[in-house]
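Examining the three-dimensional arrangement
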Amino acid sequence: MSARDDNRKLLVLAVDDELPGLDQLRPCLESNDVVGRVIPAVDASEALRLLGSEDEDINRRKDAGLPPVDAVFADINMPGLSGMEMSRVFASLNPAPVLVFVTGYASEAVDAFDLGAVDYVLKPARQERIDKAIGRVLDKLDTQPARSVGAGAAAEPAAEDG
């Protein structure tokens, strides 16, 4: 099934150590019609900790053989573990989420694409530019065989017995 034909929504991880950057990115992602949920993380370590968290959507996806999130939108320059280092971990997952970098520095674009990123958005990110990046995420998801976009992220809750 094509990601564009799938009525489920994307589960996106947004990672930026600068709160103003995260505060700008998150609403841009949330206002796109195909994004069902944005999980924010204030640094790479928190983003990676989410992989082992008790988040229902992430666990449901892992149980279904999907990546923990559909896409990771990440800053590059962060204290401690950089966005590039974090993305190497995400890229090594099988299956891996789609990577998009959102950063104030154009100098690492080549390295980002070498990691398999589908886009490289310069800050400050505008809605139109984030929408274009989400389109590239969908294009990438469309080319991955037998992958169900957002599985469980926007599923109807189970009926309660009783």
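Structure: above.
Because the structure is predicted, anything quoted here is derived from the model rather than measured.

Calculation criteria
- Residues numbered from 1 in each chain as written.
- Predicted model: local features only at pLDDT ≥ 70, side-chain atom pairs only at ≥ 80, totals over all residues.
- Heavy atoms only, no water.
- Pairing = 2+ DSSP bridges.
- Helix = DSSP H or I, 4+ residues; strand = E, 2+ residues; numbered from the N terminus.
- Axes fitted to C-alpha atoms, helices over the stretch in contact; angles between N-to-C directions.
- Contact = heavy atoms within 4.5 Å.
- Salt bridge = Lys/Arg side-chain N within 4 Å of Asp/Glu carboxyl O.
- Buried < 20%, exposed > 50% of the residue type's maximum accessible area, 1.4 Å probe, protein only.
- Parallel < 35°, antiparallel > 145°, perpendicular 65-115°, else oblique.
- Left-handed = near helix turned anticlockwise from the far one by under 90°.
- Nonpolar A, V, L, I, M, F, W, Y, C, P; charged D, E, K, R; others polar.

**Some details on the sheet that holds strand 3 (residues 71-74)**
Strand order in the open sheet formed by 5 strands is 2-1-3-4-5, and the pairing between neighbours is parallel. Edge positions in the sheet fall to strand 2 (35-41) and strand 5 (119-122), since each has one partner strand and no second. In this sheet, neighbouring strand axes are inclined to one another by 20° on average, regardless of whether the strands run parallel or antiparallel. Where strand 4 (residues 98-103) and strand 5 come together, 4 bridges link them in parallel fashion. Among the inter-strand pairings, V102 is bridged to a residue of strand 5, identified as V121. Where helix 6 (residues 127-142) meets the sheet, it contacts strand 1 (10-15), strand 2, strand 3, strand 4 and strand 5, and its direction lies at approximately 170° from that of strand 5.

**Looking at unusual backbone geometry**
Residue P95 follows N94 across a cis peptide bond; omega there is 5°. Its location among the elements puts P95 in the loop between helix 4 (83-92) and strand 4. For the peptide bond that leads from K123 to P124, omega is -5°, which places it in the cis range. Locating P124 in the fold gives a position in the loop between strand 5 and helix 6.

**Description of the pattern of salt bridges**
Here the idea is simple: oppositely charged side chains can pair when their charged atoms come close. Taken as a whole and assessed by the stated rule, the structure comprises 11 salt bridges. The shortest N-O distance in the salt bridge between R37 and D57 comes to 2.8 Å. Taken together, the residues span a long stretch of sequence, with R37 in strand 2 and D57 in helix 3 (residues 56-63) at a distance of 20 residues. Overall, D57 belongs to the buried group, its relative accessible area being 10%. Notably, a salt bridge pairs E56 with R60, separated by 3.8 Å at the nearest N-O pair.

**Some points on the packing of helix 1 (residues 19-30) against helix 6**
Direction vectors running N to C along helix 1 and helix 6 enclose 60°, while the axes themselves pass 9 Å from each other. One way to sum up the angle between helix 1 and helix 6 is to call them oblique. By crossing handedness, the relation of helix 1 to helix 6 is classed as right-handed. Contacts between helix 1 and helix 6 involve L25, P27, C28 and L29 from the first element and Q127, I130 and I134 from the second. Residue composition of the contact of helix 1 with helix 6, by class: 6 nonpolar, 1 polar and no charged.

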